[in-house]
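For reference, the chains in residue letters:
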Amino acid sequence: MRTDKTDILTMLRNSGDYVSGQQLCDRFGVTRTAIWKVINQLKEEGYRIESVSGRGYRLAEGPGDFLSQSEIASRLTTKWAGCKVYYYDETGSTNNDAKRLGEEGAPHGTVVVADVQNAGKGRRGRGWQTLSGTALSFTILLRPEFAPDKASMITLVMALSVAEAVESVLEGAQDAVTTIKWPNDIVLNKKKICGMLTEMTMTPEMDEIQYIVVGAGTNVNNASPEEFQEEIRKTATSLRIETGRQIDRADLLERILLRFEDNYDVFLETLDMSGLREAYQKHLQGIGGVVRVLDPAGEYTGISRGINERGELLVEKEDGEVVRVYAGEVSVRGLYGYV
Ligand code: ATP
């Protein structure tokens, strides 16, 4: 999936200085005209590229918050997460795209990104809203070798990675508190900025995981709460609404994938959350406080005691019984509101 455009952009970006047209021709085995065409395309997309005769081309400035296959792929410094990048201006659901690619044999680490998902999916058949130019919606395809019963923890690994990446992007933003609402919603100042959906496909023999897709949708540059549909206006927010900052979504994706690679390695060491539990719990919303567990079998309240090594939420009921809440069908709320 690497294109000449991605390669040329990567080379300009990494060099930070002038790169001669001849160097680019030699490196990629294309003509000067081909290089010139790509440079013009990049300029049209908003990259400021200086060209000086005798010296070549220099990337003076990027286009700001901008998503494209080349922009994303040329930035990634990850080892395997994003080894292949597919980008769509609009798609149904990046999870569905990743599953299709999974069927077609796409490798572990393939990432699908879209500006708009017109049929974004949440858990239990619920929807996920995105508005053009504001959200970071992506899915990563994994081909793990572990047993299927470990898969539900991957969603916690991604939640931690998104929370850490968001925190690093917002560094210095006063009063921006990033937490995780168990198991995998990311919450900024008590409102939801990110939802996730993990889906697993088994091999035809049903004995091994064929692939897992982990999708995350983050509200990044929505300028005001009015941009969200009425029914989620009270519980949803964006990074920009909370901090006043316009965030570069390709940069945020890069940070998430870097954190995910590291956290995934730690997870693989023990195939459970024991190595990540402390970091996860540092972000866990409502620990030590009363939570409402919305279990389809009956709602109950109790005190959140954090997670165990399997990523289950421990909820201590009034009679002292500690319930291990399994992520599958359950949502957790604060006593009086969303968190
Ligand atoms: P919870 O119901 O506790 O938010 P969940 O994990 O069950 O968590 P998800 O599957 O993550 O929910 O997300 C789906 C829900 O998120 C939708 O039903 C809707 O209430 C809400 N939602 C949809 N789009 C957005 C958005 N862009 N920002 C914030 N919330 C959204």
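Definitions and cut-offs
- In this numbering scheme, every chain counts its residues from 1 along its sequence in written order.
- Residues qualify for local features only when their pLDDT is at least 70, as the model is predicted, and side-chain atom pairs are given and counted only at 80 or more; totals for whole chains, interfaces and linings, by contrast, use all residues.
- Working from all heavy atoms in the structure, the side-chain values ignore hydrogens and water.
- Geometry is summarised by axes, namely lines fitted to C-alpha atoms with helices restricted to the contacting stretch, and by angles between N-to-C directions that run from 0 to 180 degrees.
- Secondary structure is summarised from DSSP: a helix means a run of H or I of at least four residues, a strand means a run of E of at least two, and numbering begins at the N terminus for each.
- In this scheme, roughly parallel covers angles under 35 degrees and roughly antiparallel covers those over 145, while 65 to 115 is roughly perpendicular and the rest are oblique.
- The contact definition used throughout considers only heavy atoms, calling two residues in contact when any of these lie within 4.5 Å.
- Polarity classes work like this: nonpolar for Ala, Val, Leu, Ile, Met, Phe, Trp, Tyr, Cys and Pro, charged for Asp, Glu, Lys and Arg, and polar for all others, with Gly in that last group.
- Only residues whose relative accessible area exceeds 30% and that form no salt bridge enter a patch; like-charged residues are grouped when within 9 Å of one another, and nonpolar side chains (Val, Leu, Ile, Met, Phe, Trp, Tyr) when within 5 Å.
- Here the Shrake-Rupley method, with its probe set to 1.4 Å, supplies the accessible areas, and only the displayed protein chains count as covering residues.
- Here, a salt bridge means any Lys or Arg side-chain nitrogen found within 4 Å of an Asp or Glu carboxyl oxygen.
- Residue ranges assigned to each domain were obtained from an automatic or database domain assignment.
- Whether a residue is buried, partly exposed or exposed follows from its accessible area with a 1.4 Å probe, protein chains only, as a fraction of its type maximum: under 20%, in between, or over 50%, in that order.
- In this scheme the crossing of two helices becomes right-handed for a clockwise turn of the near helix relative to the far one and left-handed for an anticlockwise turn of less than a right angle.
- By convention in this text, a residue qualifies as near a molecule or strand provided that one of its non-hydrogen atoms is within 4 Å of it.
- Polar contact criterion, stated in full: a pair of N or O atoms within 3.5 Å, where within protein one must be able to donate a hydrogen and the other to accept it, and residues adjacent in sequence count only if both atoms are side-chain atoms.

Enquirer: Would you mind showing me how to read the packing of helix 1 (residues 4-15) against helix 3 (residues 32-44) here?
Expert: Two quantities define a packed helix pair, namely the angle between the helix axes and the distance between the axes. Two elements in contact, helix 1 and helix 3, have axes separated by 10 Å at closest approach and are oriented at 75 degrees. Put simply, helix 1 runs roughly perpendicular to helix 3. The residues of helix 3 that touch helix 1, namely those facing Asp4, Lys5, Ile8, Leu9 and Leu12, are Ile35, Val38, Ile39, Gln41 and Leu42. Its residues placed into classes, the contact of helix 1 with helix 3 shows seven nonpolar, one polar and two charged.

Enquirer: I tried to follow a nonpolar patch on the surface on my own but got confused; where do I start?
Expert: A grouping of Val290, Leu335 and Tyr336 is seen on the molecular surface, where their side chains present a nonpolar patch of about 350 Å² in accessible area. Counting through the fold element by element, tyrosine 336 comes out in the segment after strand 16 (331-334).

Enquirer: Help me understand the domain arrangement of the protein in this model?
Expert: Interface size is often expressed as the accessible area that is lost when the parts come together. Each domain of the protein was delimited in the assignment, giving domain 1 (5-61), domain 2 (69-282) and domain 3 (287-334). Using C-alpha coordinates to define each centre, domain 1 is positioned 55 Å away from domain 3.

Enquirer: Whenever I open this one, the pattern of salt bridges confuses me. Can you help?
Expert: When the charged atoms of two side chains with opposite charge come close together, those side chains can pair. Following the criterion strictly, the structure yields 24 salt bridges and no others. Among the ionic pairs, arginine 249 bridges to aspartate 115, the shortest N-O distance being 2.9 Å. Taken together, the residues arginine 249 in helix 8 (residues 249-270) and aspartate 115 in strand 4 (residues 111-117) connect sequence positions 134 residues apart. Looking at arginine 249, the relative accessible area reads 4%, which means it is buried. Aspartate 115 gets classed as buried once you look at its relative accessible area, which sits at 10%. For the salt bridge of glutamate 299 with arginine 292, the shortest nitrogen-to-oxygen distance reads 3.3 Å. Given the relative accessible area of 51%, glutamate 299 is considered exposed. For arginine 292, a relative accessible area of 21% gives the class partly exposed. Put simply, Arg13, Glu71, Arg75 and Asp248 are held in one network by salt bridges that share partners.

Enquirer: Sorry, what's going on with the packing of helix 6 (residues 154-169) against helix 8 here?
Expert: Two elements in contact, helix 6 and helix 8, have axes whose closest approach is 8 Å; the angle formed by their N-to-C orientations is 135 degrees. Classified by the interaxial angle, the pair formed by helix 6 and helix 8 is oblique. When the axes of helix 6 and helix 8 are compared, the crossing they make is right-handed. Taking contact as the criterion, the partners of Ile154, Val157, Met158, Leu160, Ser161, Val162, Glu164, Ala165, Val166, Ser168 and Val169 in helix 6 are, on helix 8, Asp251, Leu252, Arg255, Ile256, Arg259, Phe260, Asn263, Tyr264 and Phe267. In terms of residue class, the contact of helix 6 with helix 8 is built from 13 nonpolar, three polar and four charged.

Enquirer: Which parts of the structure should I look at to understand the site of the ligand?
Expert: Around the ligand there are 18 residues in total, and Arg123, Arg124, Lys181, Lys192 and Arg333 lie nearest to it. At 2.4 Å, a backbone N or O of arginine 123 approaches an oxygen atom of the ligand. A distance of 2.9 Å separates an oxygen atom of the ligand from a polar side-chain atom of aspartate 185. When the ligand sits alone it has 630 Å² of accessible area, and the protein chains cover 92% of it. If you list the elements that add at least two residues to the shell around the ligand, you get strand 6 (127-128), strand 10 (191-202) and strand 16. Ranked by residues supplied to the shell around the ligand, first place goes to strand 10 with three residues. Across the shell around the ligand, the residue classes break down as five nonpolar, six polar and seven charged.

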